[in-house]
Amino acid sequence: MALAIALVLIVVLAVGFHVASPWWITPIASNWGRMDDTLTITIVITGVLFVAINLFVVAALLRYRHKDGHRASYEPHNRRLEWWLIGVTTVGVAALLAPGLFVYADYVRPPPNALQMEVLGQQWQWRFRFAGPGGKLGTTDVRYMTNDNPFGMNPADPNGRDNYLIDTPELHLPINRPIQVLARSRDVLHDFYVPPFRARMNMVPGMVTTFWFTPTKAGRYDILCAQLCGIGHANMRGVVVVEDEAAFARWLAQQTTFEQRQKAKAQAASASAGGPSQALAEQGRTLAQAKGCVACHSVDGSPGVGPTWKGLYGKTETMADGSTAHVDEAYLRAFIRDPKARVVKGFAPIMPSFDLSEQELSALVAYIQAQGGAPAATTAKP
Ligand code: CUA
């Protein structure tokens, strides 16, 4: 009897919690209302079965409970009942799976006028790429991937020259226009996920995965990584801004193209290195945000996953092997280039390598130096 009451209570509380729960899905901001429909179908089917099975057990417990003078009859097999169960289960499982298959078939087949957007994942950064005025995304290959070419753009492909490359985790998209997403990863599994779009896709190293959606509501939405991809997974966040076509076009025009980047790189190489160090440190600050450094390193002295940058420059650091090292420009450069070569005492060897050009590395070091407590004694540039 106690078991029967407990089961009835579980059913009542579970259904009551579902109805009264404050946790509802976030308002939808894309065309994929069918994702919600398939979810509703699943909840209805599994919910009805959950209630029916539990109440059946309750009924059986009450009806067939032990009475003196009664004996249970032995009936090992009931062919008719089994065919019924097989039939009902088959229909139920098909009803759970089939709607999802139809939705998925459309999900990976974009309409012909879709705007292509590439998203590139890397521990723990987002990058994005759009075609330029030429309207085509240039080819890429892992062989071309370097610190200066994190997208792996093929330098020989004329289609890639006018491609807009975006290294910051802020993406803009035009409203009411279908977007075809082409997803790549540079290292491990990541997953591009924007909950209000009801759209997500795994990003698999070595292949391009795809889906499409149409943003239908202007606003700012969080981009989350939905695959556990290492210690910085929770910090692998970005923002997508959905705005009208004109605002999107203005934003896109402000981004640098692959060709502009190559020119800037060539200029930086030919010009003598080093500008006003304040501007350099400012660039380093932006970089520290964009690359996610600030997720592990504070600049106000508060403890984090990695050493704080406050007062780091100029101090003497004790390493895990007991040796000591003076934190100067050479130390920081070497450490950022190869974080696992030496380990600082008291910290786990979990810092990933970042793809920084020489110029970016200088900027980052200048920024860390600017957080130094000791007076900046060495400002000489190599
Ligand atoms: Cu990338 Cu989790």
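Refer to the structure above for everything that follows.
Residues numbered from 1 in each chain as written. Predicted model: local features only at pLDDT ≥ 70, side-chain atom pairs only at ≥ 80, totals over all residues. Heavy atoms only, no water.

### Comments concerning the pairing of strand β2 (residues 125-130)
Side chains on a regular strand alternate between the two faces of the sheet. Our working definition: Each residue's exposure class comes from its accessible area (1.4 Å probe, protein chains only) as a fraction of the maximum for that residue type: buried when under 20%, exposed when over 50%, partly exposed otherwise. Secondary structure is summarised from DSSP: a helix means a run of H or I of at least four residues, a strand means a run of E of at least two, and numbering begins at the N terminus for each. Between any two strands, at least two bridges found by DSSP are needed for them to pair.
A large share of β2 lies buried, amounting to six of its six residues. The alternating pattern of β2 places Gln125, Arg127 and Arg129 and Trp126, Phe128 and Phe130 on opposite faces, both of which are buried. Direction of pairing for strand β1 (residues 115-122) relative to β2: antiparallel, over a ladder of six bridges. Paired with Gln122 across the bridge in β2 is Gln125.

### A short note on the nonpolar core
What counts, and what does not: Put simply, buried Ala, Val, Leu, Ile, Met, Phe, Trp, Tyr and Cys residues joined by side-chain atoms within 4.5 Å make one nonpolar core. Here, two residues are considered to be in contact whenever any of their heavy atoms come within 4.5 Å of each other.
Of all hydrophobic cores here, the largest spans 37 residues; its most connected members are Met117, Phe130, Phe192 and Phe197. Those residues in contact with Phe192 that sit more than four places away from it in its chain are Met117, Val119, Trp126, Phe128, Leu171, Ala199, Arg200, Met201, Met203, Phe211, Ile223 and Leu224. Listed in part, the 21 residues of the second largest apolar core include Val327, Tyr331, Val365 and Ile368.

### Side note on the packing of helix α7 (residues 329-337) against helix α8 (residues 358-370)
The relative placement of two packed helices comes down to the angle between their axes together with the axis-to-axis distance. What counts is decided by this rule: Between the N-to-C directions of two axes lies an angle of 0 to 180 degrees, each axis being a line fitted to C-alpha atoms and, for a helix, fitted only over the stretch in contact. Our angle categories are set so that under 35 degrees counts as roughly parallel, over 145 as roughly antiparallel, 65 to 115 as roughly perpendicular, and the remainder as oblique. Note on convention: the crossing is left-handed when the near helix lies turned anticlockwise from the far helix by less than a right angle, right-handed when the turn is clockwise. Three residue categories are used. Nonpolar comprises Ala, Val, Leu, Ile, Met, Phe, Trp, Tyr, Cys and Pro, charged comprises Asp, Glu, Lys and Arg, and polar comprises the others, including Gly.
Contact geometry for α7 and α8: axes closest at 10 Å, N-to-C directions at 125 degrees. With respect to α8, the element α7 is oriented oblique. You can see that α7 and α8 cross each other, and the crossing is right-handed. Facing Glu329, Leu332, Arg333, Ile336 and Arg337 of α7, the residues of α8 in contact are Glu358, Leu361, Ser362, Leu364, Val365 and Ile368. Per-class residue counts for the contact of α7 with α8 are six nonpolar, one polar and four charged.

### Brief notes about the sheet that holds β1
Read from one edge of the open sheet, six strands run β8-β5-β1-β2-β3-β11, paired in mixed fashion. Because the sheet does not close on itself, it has two edges, and the strands there are β8 (209-213) and β11 (256-257). Bridging between β1 and strand β5 (residues 179-185) involves seven bridges; their strand directions are parallel. Of the residues in β5, the one forming a bridge with Leu115 is Ile179.

### What to know about the packing of aromatic side chains
Put simply, the rule reads: Aromatic rings from Phe, Tyr and Trp, with only the six-membered ring used for Trp, were paired whenever their centres fell within 6.5 Å, and each pair was classed as stacked if the ring planes differed by under 30 degrees, edge-to-face if by over 60, and tilted otherwise. Criterion for a charge above a ring: Arg CZ or Lys NZ at most 6 Å from the ring centre, at most 35 degrees from the ring normal.
As enumerated under the stated definition, the model contains 15 aromatic pairs in all. The structure contains a cluster of three or more aromatic residues connected by ring pairs, namely Trp32, Tyr104, Tyr107, Trp126, Phe192, Phe197, Phe211, Trp212, Phe213 and Tyr221. Over the face of the ring belonging to Tyr144 we find Arg143, whose NZ or CZ atom lies 5.8 Å from the ring centre.

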